[in-house]
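Coordinates in review
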Amino acid sequence: MGEVMLYSLRTNDVTKYPGDIEALYDYVGSLSPDREATIQMIANANTGVIEKYLGSPLGKRSCRYVISRNASELSDGYHRSWLSTGNAFTSNGIATNQWIELPCQIESIQSLTVSIWGGQNQQLQEGVDYYVDLDCKYPKIMLSWNQSILDMFYKYKNMIVDFTGGLYEVDGTVPEPIIMAINNLTKGYFDNPGDSKFDPTDNGMKFLLSNYQVPAIGG
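The structure presented is a predicted model; accordingly, all values stated were derived computationally and were not measured.

Turning next to the side chain of Ser111. Positionally, Ser111 belongs in strand 4 (residues 106-116). Judged by its relative accessible area of 12%, Ser111 falls in the buried class. Those residues within four positions of Ser111 in sequence are excluded, and the remaining contacts are Gln123, Ile160, Val161 and Asp162.

The pairing of strand 6 (residues 130-133) with strand 7 (residues 140-143) spans 4 bridges and is classified as antiparallel. Bridge pairing in strand 7 links Tyr130 to Leu143. Taking the residues that link successive antiparallel strands as the turn, the strand 6-strand 7 hairpin has 6 residues.

This part is about helix 2 (residues 36-54). Here helix 2 spans 27 Å end to end across 19 residues, near enough to the 27 Å set by a 1.5 Å rise per residue. Within the span of helix 2, buried status applies to Ile39, Ile42, Ala43, Asn46, Thr47, Ile50, Glu51, Tyr53 and Leu54. Contacts made by the buried residues of helix 2 are with helix 1 (21-28), strand 2 (61-68), helix 5 (176-191) and helix 6 (205-209).

Here we take up the environment of Gln122. Mapped onto the elements, Gln122 comes out in strand 5 (residues 122-124). Residues Gln122 and Leu112, spaced 10 residues apart in sequence, show a C-alpha to C-alpha distance of 8.7 Å.

Taken as a whole and judged by the stated rule, the model has 4 salt bridges. Glu107 serves as the salt-bridge partner of Lys60, at 3.1 Å between the closest nitrogen and oxygen. Residue Lys60 is located in the loop between helix 2 and strand 2, and its partner Glu107 is located in strand 4; the two are separated by 47 residues in the primary sequence. Here Lys187 ties to Asp191 by a salt bridge, and the two come within 3.2 Å at their closest N and O atoms. Separated by 4 residues within a single helix, Lys187 and Asp191 lie in helix 5, roughly one turn from each other.

The subject of this paragraph is the side chain of Thr164. Counting through the fold element by element, Thr164 comes out in strand 8 (residues 156-165). Its relative accessible area of 15% is what places Thr164 among the buried residues. Other than its neighbours up to four places away in sequence, Thr164 contacts Arg61, Ser62, Ile106, Glu107, Ser108 and Gln110.

Moving on: the confidence of the model for the protein chain. Per-residue pLDDT for the protein chain averages 76, and the proportion of residues at 70 or more is 71%. Within the protein chain, the element-level pLDDT minimum falls on helix 3 (residues 76-85), averaging 49, and the maximum on helix 1, averaging 93. Contacts from residues 85-93, a stretch scored under 50 in pLDDT, to residues over four places away or in other chains number 31 contacts.

Let us look at the packing of helix 1 against helix 5. Packing of helix 1 against helix 5 brings their axes to within 10 Å, and their N-to-C directions diverge by 50°. Considering the angle they form, helix 1 stands oblique to helix 5. Between helix 1 and helix 5 lies a crossing whose hand is right-handed. Judged by residue contacts, Leu24, Tyr27 and Val28 of helix 1 engage Asn183, Asn184, Thr186, Lys187 and Phe190 from helix 5. Grouping the constituent residues of the contact of helix 1 with helix 5 by class yields 4 nonpolar, 3 polar and 1 charged.

Conventions we followed
- Residues numbered from 1 in each chain as written.
- Predicted model: local features only at pLDDT ≥ 70, side-chain atom pairs only at ≥ 80, totals over all residues.
- Heavy atoms only, no water.
- Helix = DSSP H or I, 4+ residues; strand = E, 2+ residues; numbered from the N terminus.
- Buried < 20%, exposed > 50% of the residue type's maximum accessible area, 1.4 Å probe, protein only.
- Contact = heavy atoms within 4.5 Å.
- Pairing = 2+ DSSP bridges.
- Expected span 1.5 Å × (residues − 1).
- Salt bridge = Lys/Arg side-chain N within 4 Å of Asp/Glu carboxyl O.
- pLDDT = per-residue confidence, 0-100.
- Axes fitted to C-alpha atoms, helices over the stretch in contact; angles between N-to-C directions.
- Parallel < 35°, antiparallel > 145°, perpendicular 65-115°, else oblique.
- Left-handed = near helix turned anticlockwise from the far one by under 90°.
- Nonpolar A, V, L, I, M, F, W, Y, C, P; charged D, E, K, R; others polar.

Here you go:
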């Protein structure tokens, strides 16, 4: 069966342009100081757009990653198929003794919670219920707690990971290709206000961002 998990990444922080704002003013080429506020507003908006395209925040911040079951996983047919695999939860991702990739570089995990239909959420304990590998490109967790598999299959709704993370490089700066993509978008929108013919993807944005996109979330 072709199962598809549902993923979302959320943050409550306001996204702001992460580069050198004075250098951006020069790049856009506006000679009027009263347009600087407009340029910064466009840059902030484009930064948010690119974060959504990447599927990951640019700078370190508090985030919530949610992995949810889709409707097909509640069907009787899916249940029989799932039972035959011998996996806990689902055969395509959330299973005991299998690694689950997280969406971006992570500094620390604050909590991991399993949400259950009609019951209380269960907070898992690191080192007992799950294990973490934060040193690879996409950090991973592995579930390992003991539960009644049948009971969890019927009641499990989603898994929630609260963490601090983002795409900042080791020295604390956003990678130059991402800054260049934001700058190009900002100049394009500033030079072509309201122009329906302006296509931001024609300025090399996809090429510049290709190494940073999270396929499961971004796009």
